Amino acid sequence: MTMQHFRSGFWIGLYFIVAVAPLLAMLVAPPPGRGFWREFAVGIGFAGLSMMGLQFFLTGRFRSFTAPYGIDVVYHFHRQISLIAFVFLALHVGLLLLASPELLLLLHPTAAPAWMVTGVIGFLAFVVVIVTSLFRLKLGLSYEAWRALHGYLSVAAVVLGVVHIMGVDYYTGSSIKRGLWMLMGAAWLLALLHVRVVNPFLLLKRPYTVEEVVPEQGRSWTLRLRPLGHAGIDFQAGQFAWLTLGKTPFTIREHPFSFASSAMESGGVSLTIKELGDFTAKIGSTAVGTRAYLDGPYGSFTIDGHSAPGFCFIAGGVGITPIMSILRTMADRHDRRPVLLLYGSKRWEDVTFRDELEDLKQRLRLELVHVLEEPPSQWTGERGLITAELMGRHLPENRMDLEYFICGPGPMQQGMRRAVARLGLPAHKINSESFNFV
């Protein structure tokens, strides 16, 4: 077992232990039972709230925690486990009312005790968090508005949930059980303070300035950032950082973007950003001299540590950005391992870095295959989408020995998972990066 496997198993085990700790505490000197379904409802309610509190750690960007998996995997796990935790909380409410209909009397607005009011408001806050997360675009919420709502309501809901449990006082009567919830609550608060206070304070000491804003093909822009008063950021090609533009890092207006520049460059870094959403639609109008902050680097989408005899990169749209960083780094390192790049785009004019990729053929053993969904009439190259059949036409004979890196929109990644399975490519050699953290 490698150290990475050990660390991965350790964090998963610790997460499970903390999630079920309130259930185990229920078994210590339990009060008189009140029927199976009522006790079961309380148990899954405890587990659901504990899992919700742990989300502050999952989104806290703790490198020791995210390193074994990749931060994009951790964030997607956060999304899925939050839904499971919410189902637990919903079952807690539903089963309690089914098992003990008399509890409906406690919902009367003029007679409801404080612990019931906090529980109801906390649950409704969780409802809003989940609904706005699942349907943000349909509800017309901007990323910044959603993030503020998501953050503040999540904190309020967890706090109200703990207050509710303490107020009920049925399974928290002993000092040990109360201490457990207080300890977990304090840990969740510390995780939140790390993200919202400590980390921004550290970033405040490492500012950048926007040195150049360069238009690219495909409605993309490259921001060249120069460090102010420090040496800059060390990253591995393919990683990313959260970017904040403005005078202070104490803000919710931060967005994750991949580094586009070579990791061998000293000083400044480049981020290439496509016009896709509320924030990125105006990225081209960023003024030179704007203050910026970078929280990073993050991510495991990098060739560093891989001793493969060659690589196959598969990019879709703006997914070319981290791959471009890798190619530029390989060129600067004089890395002569063969590289196959399958690059899917909508139209020829959408191909970001089109000219530089041609130039990189002179510095790398690079085979470049453009795949266009809507090619011009004179196009003689590959058409449509990147499929298993298309990959089979271009992969070399030693395809089983290559390391594969896939980055692009969600639908493309789903298609690639099916394609690599059809080709029988080794699963442990497939690396993917998703840039959708919402």
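Going by the structure above, here's the rest.
Residues numbered from 1 in each chain as written. Predicted model: local features only at pLDDT ≥ 70, side-chain atom pairs only at ≥ 80, totals over all residues. Heavy atoms only, no water.

So, about empty space enclosed by the protein. This structure, assessed with the given rule, holds 1 cavity of 30 Å³ or more. Of the pockets and cavities examined, the largest cavity occupies roughly 30 Å³. Pro22, Ala25, Met26, Phe46, Tyr171, Lys177, Leu180 and Trp181 are the residues that line the largest cavity. Of all the secondary-structure elements, those providing two or more residues to the lining of the largest cavity are helix H1 (3–26) and helix H8 (175–204). (1 Å grid on protein atoms, 1.4 Å probe; cavity = no way out; pocket = protein on both sides within 12 Å on 5 of 7 lines; lining within 4 Å. Points joined across faces, edges and corners; volume = space filled by probe spheres on them. Helix = DSSP H or I, 4+ residues; strand = E, 2+ residues; numbered from the N terminus.)

Side chains carrying opposite charge are able to pair once their charged atoms draw close together. Per the counting criterion, the structure on display carries 20 salt bridges. Put simply, Arg328 and Glu356 hold a salt bridge, and the shortest N to O gap is 2.5 Å. With Arg328 in helix H9 (residues 320–332) and Glu356 in helix H10 (residues 354–360), this residue pair connects regions lying 28 residues apart in the sequence. Taking the relative accessible area as the measure of exposure, Glu356 reaches 28% and is therefore partly exposed. When the shortest N-O distance is used, the salt bridge between Glu403 and Lys429 registers 4.0 Å. One end of the pair, Glu403, is in strand S11 (residues 403–407); the other, Lys429, is in the loop between helix H12 (410–423) and strand S12 (430–433), with 26 residues separating them in the sequence. Exposure remark for Lys429: the relative accessible area of 17% places this residue in the buried category. (Salt bridge = Lys/Arg side-chain N within 4 Å of Asp/Glu carboxyl O. Buried < 20%, exposed > 50% of the residue type's maximum accessible area, 1.4 Å probe, protein only.)

Moving on: the environment of Leu202. The residue Leu202 is located in helix H8 in this model. On the basis of relative accessibility, which here comes to 46%, the residue Leu202 falls in the partly exposed class. With 189 residues separating them along the chain, Leu202 and Gly13 place their C-alpha atoms 31 Å apart.

Here we take up the sheet that holds strand S7 (residues 311–316). Spatially, 6 strands are ordered S10-S9-S8-S7-S11-S12 in an open sheet, and the strand pairing comes out parallel. Each end of this open sheet is capped by a strand with a single partner; those strands are strand S10 (382–383) and S12. Sheet topology places strand S8 (residues 339–345) next to strand S9 (residues 366–372); 7 bridges connect them, and they run parallel. If you follow Val339 over to S9, its bridge partner there is Leu366. Taken strand by strand, H9 contacts S7, S8 and S11, and its axis lies near 145 degrees from that of S7. The strands touched by H12 within the sheet are S7, S11 and S12, with S11 carrying the most contacts at an inclination of about 155 degrees. (Pairing = 2+ DSSP bridges. Contact = heavy atoms within 4.5 Å. Axes fitted to C-alpha atoms, helices over the stretch in contact; angles between N-to-C directions.)

Moving on: the sheet that holds strand S6 (residues 291–298). Judged by pairing direction, the sheet is antiparallel, and its 6 strands sit side by side in the order S4-S3-S6-S1-S2-S5 without closing on themselves. Each of the sheet's edge strands pairs with one partner strand only, and the pair in question is strand S4 (254–258) and strand S5 (269–274). Across the sheet, the axes of successive neighbouring strands diverge by a mean angle of 40 degrees, strand direction being ignored. Note that strand S2 (residues 220–227) and S5 share 6 bridges and pair antiparallel. Within S5, the position partnered with Trp221 by the bridge is Ile273.

The next subject is the nonpolar core. Judged by nonpolar contacts, the single largest core of 35 residues is most densely connected at Phe46, Leu49, Met52, Phe126, Trp181 and Trp188. Among the secondary structure elements, those contributing two or more residues to this core are H1, helix H2 (36–58), helix H4 (71–99), helix H5 (114–134), helix H7 (143–168) and H8. In terms of residues, this core owes the most to one element, H2, which gives 10 residues. What Phe46 contacts, discounting residues up to four positions off in sequence, is Pro22, Leu23, Met26, Ile165, Tyr171 and Trp181. By size, the runner-up hydrophobic cluster in this structure holds 29 residues, among which are Ala260, Phe301, Leu357 and Leu366. (Core = buried A, V, L, I, M, F, W, Y, C linked by side-chain atoms within 4.5 Å.)

With that out of the way, let us pick up the side chain of His230. Examined against the element boundaries, His230 turns out to sit in the loop between S2 and strand S3 (240–245). Given a relative accessible area of 17%, His230 falls into the buried group. Engagement of the side chain of His230 in a polar contact is seen with the backbone oxygen of Arg206, the distance being 3.5 Å. Dropping the residues within four chain positions of it, His230 is found in contact with Arg206, Pro207 and Tyr208. (Polar contact = N/O pair within 3.5 Å; in protein donor to acceptor, adjacent residues only side chain to side chain.)

To continue, consider unusual backbone geometry. A negative phi holds for most residues other than glycine; trans holds for most peptide bonds. With an omega of 0 degrees, the peptide bond between Gly296 and Pro297 qualifies as cis. Mapped onto the secondary structure, Pro297 falls in strand S6. A positive phi angle, near 55 degrees, is found at Arg219, a position not held by glycine. By secondary structure assignment, the location of Arg219 is in the loop between strand S1 (208–216) and S2. Classification of Arg219 by relative accessible area gives partly exposed; the value is 49%. Although it is not a glycine, His334 adopts a positive phi angle of roughly 60 degrees. Secondary-structure assignment places His334 in the loop between H9 and S8. Of the residues examined, His334 reaches a relative accessible area of 65% and is grouped as exposed.

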